[in-house]
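Results of the structural survey
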Amino acid sequence: LWCYSVNFTFTAWLQSIDMANVPPYACLAGFVLHIPMNMLFVRVLGFGYEGVAMATVAFQLLQPILIFFYLFGTSHGRGRMLECTGAKGIGRTRLSFRREIFTALSSPSGIWQYLVLSLPGVVVITEWWASEVCVFLAGRLEPDPAYALGA
C-alpha cells in the first residue's frame, strides 16, 4: 500500500507540473513485466499463490522506481523537470535530489504542498484498508469463521 501511495503522489505531482505522460510509461513497463514477475514468483521461486501477491507488490514498487530513475537518472528527464518546474527560467542548470528534498522538508510550505499531494492517495487506499479490516474481523466470528469469510 505504501508503494501505491508513493506512486499516487508522484502522479499528482507530475500532473501539477505538466508532466502527466511520465506515469503511464512507467505503468506500461510494469504491465509488460507483470506476467513474467508472476511466473517468477509463482513457478521459479516456488511461492505458489502467495507469489501473485509478491508480484503485485513488486509491480507497485517498480513504477515509482522507474519514475524516479527517469526524472533524476536521465538527462532528458532532468531537462524536462528543469523546464516544467520553472527552474530553467530562474537560471538553474541542474536539480540535485538532496538539495531539493532538504529545501522541501525545511520549509513549512513545502511540507504543506507534499501533504496536499499525498493525502488524496491515502484517502484512495482507505477503502482497501477498510475491506481488509472487515475480512480480518469476519475471521473472528463464531461459531464458524470460515463460513463467515465465505459470505
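Here the structure is a predicted model, which is why all the values come from computation and not from measurement.

A closer look at the confidence of the model for the protein chain
- Per-residue confidence for the protein chain gives a mean pLDDT of 82, with 95% of residues at or over 70.
- For the protein chain, helix 7 (residues 145-150) is the element with the lowest average pLDDT, namely 65, and helix 2 (residues 22-44) is the one with the highest, namely 89.

Points about the side chain of Thr-9
- Looking at the element boundaries, Thr-9 is found in helix 1 (residues 2-16).
- What makes Thr-9 buried here is its relative accessible area of 9%.
- Setting aside anything within four residues of it in sequence, one finds Thr-9 in contact with Tyr-114, Leu-117 and Ser-118.

Some details on the packing of aromatic side chains
- With the rule as written, the count across this model stands at 1 aromatic pair.
- Ring centres of Phe-68 and Phe-72 lie 4.9 Å apart, and the angle between their planes is 40°; on these two criteria the pair is classed as tilted. With Phe-68 and Phe-72 both in helix 3 (residues 50-73), this residue pair falls 4 residues apart, about one helical turn.

Brief notes about the environment of Trp-2
- By secondary structure assignment, the location of Trp-2 is in helix 1.
- Trp-2 sits in the exposed class, given a relative accessible area of 64%.
- For the pair Trp-2 and Val-122, spaced 120 residues apart in the sequence, the C-alpha separation amounts to 8.9 Å.

A closer look at the packing of helix 2 against helix 3
- At a closest axis distance of 8 Å, the pairing of helix 2 and helix 3 adopts a crossing angle of 150°. Accordingly, the angle class assigned to the pair helix 2 and helix 3 is roughly antiparallel. Helix-helix and strand crossings are classified by hand; for helix 2 and helix 3 the assignment is right-handed.
- Partitioned by chemical class, the residues of the contact of helix 2 with helix 3 number 19 nonpolar, 6 polar and no charged.

Brief notes about the environment of Val-42
- Positionally, Val-42 belongs in helix 2.
- Taking the relative accessible area as the measure of exposure, Val-42 reaches 24% and is therefore partly exposed.
- The spatial distance from the C-alpha of Val-42 to the C-alpha of Val-52 is 6.5 Å, given a sequence separation of 10 residues.
- In this structure, Val-42 is in contact with Phe-47, Gly-48, Gly-51 and Val-52, ignoring residues within four places of it in sequence.

Remarks on a nonpolar patch on the surface
- Taken together, the side chains of Phe-68, Phe-97, Ile-101, Phe-102, Leu-105, Ile-111, Trp-112, Tyr-114, Leu-115, Val-116 and Leu-119 make up a nonpolar region of the molecular surface, amounting to roughly 1,100 Å² of accessible area.
- For the nonpolar patch, the elements supplying multiple residues, two or more each, are helix 5 (97-106) and helix 6 (108-138).
- Sorting elements by how many residues they give to the nonpolar patch places helix 6 first, with 6 residues.

Some remarks on the pattern of salt bridges
- For the structure shown, the criterion picks out 1 salt bridge.
- For Lys-88, the salt bridge goes to Glu-83, with nearest N and O atoms at 3.6 Å.
- Taking the relative accessible area as the measure of exposure, Lys-88 reaches 46% and is therefore partly exposed.
- Its relative accessible area of 51% is what places Glu-83 among the exposed residues.

Criteria and cut-off values
Residues numbered from 1 in each chain as written. Predicted model: local features only at pLDDT ≥ 70, side-chain atom pairs only at ≥ 80, totals over all residues. Heavy atoms only, no water. pLDDT = per-residue confidence, 0-100. Helix = DSSP H or I, 4+ residues; strand = E, 2+ residues; numbered from the N terminus. Buried < 20%, exposed > 50% of the residue type's maximum accessible area, 1.4 Å probe, protein only. Contact = heavy atoms within 4.5 Å. Phe/Tyr/Trp six-rings, centres within 6.5 Å; stacked < 30°, edge-to-face > 60°. Axes fitted to C-alpha atoms, helices over the stretch in contact; angles between N-to-C directions. Parallel < 35°, antiparallel > 145°, perpendicular 65-115°, else oblique. Left-handed = near helix turned anticlockwise from the far one by under 90°. Nonpolar A, V, L, I, M, F, W, Y, C, P; charged D, E, K, R; others polar. Patch = residues over 30% accessible without salt bridge, like charges linked within 9 Å, V, L, I, M, F, W, Y side chains within 5 Å. Areas by Shrake-Rupley, 256 points an atom, 1.4 Å probe, with all protein chains shown as cover. Salt bridge = Lys/Arg side-chain N within 4 Å of Asp/Glu carboxyl O.

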